[in-house]
Amino acid sequence: MKRNQIITMIIFILLLLFIIINLTIGDKNLSLSEVFNTLIGQSTSHQFIIKQLRFPRVMIGLISGISLGIGGYIFQKIFHNPLASPDIIGITSGGSLFTVIAIYIGLESFQFIFSLIGSLFVSTIIYLLVYKEEKMYQKMILIGIGINTFVHALLSFLLLKMAPYDMPLVLRWLSGSLNHALLSQVPILLMIAIFIIGILIIKQKELLLIELGDEKAQTLGQNIYKEKIVFALLVVILLAFISASIGPIASIAFLCGPIIQSLMRKNGNYLIQAGMMGGLILLISDFVAKNLLPNQYPVGIVTGLIGAPYLLYLLFSKRGINT
Amino acid sequence: MLSLQEIIRSLTTNNFNTTIIQIRIPRILFAIIAGSSLSISGYIMQKVTRNPISDASILGINAGASLFVIIGLTFFHLSSKHMYILFGLLGGIFAAICVYLFAYIKKDYTPLTITLAGMAVSISFMAVVNTLMLSNNQVMEQFRFWQVGSLGGMNYTILLLFIPYYIIGLFLSFSYAKKIDMLALGDEYANALGINVKITKLILIFISVLLSVIVTALAGPIGFMGLMVPHIVSIFKSQNAFKTILLTGLTGSILLVIFDTLARVVLSPQEIEVGIFTSSIGALIFIYVVKKYRGGLS
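Residues numbered from 1 in each chain as written. Chains lettered and ligands numbered in written order. Predicted model: local features only at pLDDT ≥ 70, side-chain atom pairs only at ≥ 80, totals over all residues. Heavy atoms only, no water.

**A closer look at the overall build of chain B**
Each helix and strand in chain B was counted, giving 13 helices and 0 strands. Of all intrachain contacts in chain B linking residues separated by at least 6 positions in sequence, the fraction that spans at least 24 positions is 76%. (Helix = DSSP H or I, 4+ residues; strand = E, 2+ residues; numbered from the N terminus. Contact = heavy atoms within 4.5 Å.)

**Description of the overall build of chain A**
Scanning chain A for helices and strands turns up 14 helices and 0 strands. In sequence order, chain A lays out its α and β elements as α-α-α-α-α-α-α-α-α-α-α-α-α-α. Taking 323 residues into account, the globule formula puts the C-alpha radius of gyration at 20 Å, and chain A, at 20 Å, falls close to it. Summarising its shape, the C-alpha atoms of chain A cover approximately 65 × 60 × 35 Å along the three principal directions. Considering only residue pairs separated by 6 or more positions, chain A has 75% of its internal contacts joining residues 24 or more positions apart. Summed over its atoms, the accessible surface of chain A is roughly 14,100 Å², and 68% of this surface lies on carbon and sulfur atoms. Here chain A carries 22 positive and 13 negative side-chain charges, and the mean point of each set is 8 Å from the other. (Rg over C-alpha atoms; globule rule 2.2 N^0.38 Å. Areas by Shrake-Rupley, 256 points an atom, 1.4 Å probe, with all protein chains shown as cover. Lys, Arg positive; Asp, Glu negative; His and termini not counted. Charge placed at Lys NZ, Arg CZ, Asp CG, Glu CD.)

**Let's talk about the packing of helix α3 (residues 61–75) of chain B against helix α10 (residues 197–219) of chain B**
Describing two packed helices takes the angle between their axes plus the distance from one axis to the other. Residues and elements named next belong to chain B. Look at α3 against α10: their axes get within 10 Å of each other, and the N-to-C directions meet at 50 degrees. Taken together, the axes of α3 and α10 are oblique relative to one another. As α3 runs across α10, the sense of the crossing is right-handed. Where α3 abuts α10, its residues Ile61, Asn62 and Ala65 lie against Val209, Ser212, Val213 and Thr216. (Axes fitted to C-alpha atoms, helices over the stretch in contact; angles between N-to-C directions. Parallel < 35°, antiparallel > 145°, perpendicular 65-115°, else oblique. Left-handed = near helix turned anticlockwise from the far one by under 90°.)

**Side note on the environment of Gly60(B)**
Residues and elements named next belong to chain B. Position of Gly60 among the secondary structure elements: in the loop between α2 (16–48) and α3. On the accessibility criterion, Gly60 (0% relative accessible area) is buried. Setting aside chain neighbours within four positions, we find Gly60 in contact with Ala95, Gly118, Ser122 and Phe125. (Buried < 20%, exposed > 50% of the residue type's maximum accessible area, 1.4 Å probe, protein only.)

**Section: the confidence of the model for chain B**
Keep in mind that low pLDDT regions are not for reading the predicted coordinates in detail. The predicted model of chain B averages 80 in pLDDT, with 86% of residues at 70 or higher. Confidence metrics for the complex model read pTM 0.80 and ipTM 0.74. (pLDDT = per-residue confidence, 0-100.)

**Quick look at the side chain of Thr24(A)**
Within the secondary structure, Thr24(A) sits in helix α1 (residues 3–24). Setting aside residues no more than four positions away along its own chain, Thr24(A) makes contact with Asn29(A), Leu30(A), Ser31(A), Leu32(A), Val35(A) and Arg54(A).

**Quick word on helix α3 (residues 47–78) of chain A**
Since the α-helix advances by 3.6 residues per turn, residues separated by three or four positions end up pointing in the same direction. All names here are of chain A. If you check α3, its first and last C-alpha atoms are 45 Å apart, about what 32 residues at 1.5 Å a residue would give, namely 46 Å. Of all the bends in α3, the largest measures some 35 degrees and sits at Arg54, one to four residues before the proline Pro56. Of all 32 residues making up α3, 24 are buried, and the element is well covered by its neighbours. Of the residues flanking the end of α3, it is His80, one or two places downstream, whose phi is positive at about 55 degrees. (Expected span 1.5 Å × (residues − 1). Bend = angle between axes of the 7 residues up to and from the residue.)

**Notes on the packing of helix α5 (residues 111–130) of chain A against helix α11 (residues 224–246) of chain A**
All names here are of chain A. The interhelical angle for the contact between α5 and α11, taken along N-to-C directions, is 145 degrees, at an axis separation of 8 Å. You can see that α5 and α11 cross each other, and the crossing is right-handed. Every residue of α11 that contacts α5 at Gln111, Phe112, Ser115, Leu116, Ser119, Leu120, Ser123 and Tyr127 is listed here: Ile229, Leu233, Val236, Ile237, Ala240, Phe241, Ser243, Ala244 and Ser245. Split by residue class, the contact of α5 with α11 holds 11 nonpolar, 6 polar and no charged. (Nonpolar A, V, L, I, M, F, W, Y, C, P; charged D, E, K, R; others polar.)

Rendered as structure tokens:
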């Protein structure tokens, strides 16, 4: 087997392993057969723990991780920079802002729609500001960071106006948490994720073309901007749904691409691997957050802590951030 | 709302309005010196890094200060404001070293690289800040007001604490004005004129960090003042650093007083924290500057 295939296999096996670990280990350790029997419908003594708590948590974690990994990977590819991930350029926080507004005015049940509107709103603004500018992609990152700051200022304002007893909840949501994963969220998230990721996988060959750079792809007769917009739009919609349900989970979108790229030997298209890596990182982080840290930290804190040194490493490494 | 007459009367006599005035005066005074402090800091930073897109919040210095202050709150139970300043200063210097080190390793001092480095340092530090903040509800409560930047709690004690550092910072900036002019000619010219470029730059960065971190430590991060004001002052096309520092300081004072007043009255009786106000306006200006920026972006 080739190196790339072996690595893919290892990631896949680790992913399965952590699905099993997260289902079986917790405050109460259960056996694998017990979990399996419960999930296929037999009634056992730990039905509630497994069906209502652990299964949705693992499922939502898995779906979110995969989506974030794929989304970040695509953004980094189409905008030619590892910093161009939706969480760094403010798209995710646009969604968060609108979601918090939804909570603030008491429309919690419309979180999805609000998050979607917010993310699309920010993406449109970034697009309008940088389209066909000179040094478009570099400027996009800086402008995105500016928008991120702006949105965060508005967010802090809302947070300060909030009743103190709402605060911890909202703050925890804002850090990204699986603590409130609900079984009822699983089907809709699963459907959306399968649908959008399906389209992305079908279209993934075009990513290779995009990677060549704008000018080369243009000469091959492709309308590169249109393709990029379609890709970006799909990712924005996907991640808006994810972040509405579990909050803006830090770093995963931005981490997966570079990790996969450094593991794989050749340049190529590693969309699926990036997705699996996203799922893996999220499940591991959730395991750490749930079992190894005191007072039930939100998983976003753990991913943020993983992301921080990696971001610095990326800065200081030789290959690093290609400006 | 008080009339001017009432204000003058209450300064000389003693009535209910006196209390209101006594709360407002230190606040305005603080806004005046904080505004100039932050703006001059930004001006120096932009000159040293030759980067129009920089100030203490962009280069991660505020994040560094936040990080060290929250470490202090969580592990060393900071109580005195002096310790806030000390920790903030250490954090700011630490962040500046990180950014500088990055540019040094890359041998790349272009605006985009330095700005991205600052942002990355900022994001990483804030991740740790968030972790520590959530660990403890009491720290969270203390910190969330500090973190947005507010002049609401100003009093004469804090003001008096601030002034010595401010004077040192101001004195240093004015006395280094000539060297800023020389550096503007380019490193080689400056060398030929007999100044040690590296050491001068380090000292200037230290002055800039000092000026912004004292404000951050006492009032929380009041973002983007340092970015905005030098750009506004550049309208005057002053070539002389001494004059520019003076203009920058004055403009910064006026602007922060205006912002703080607006923040206080726009949604009255609610109050917007001035840090939120400046960083929302500043972020828009930041976007504008980036968009307009031509030339050696990478």
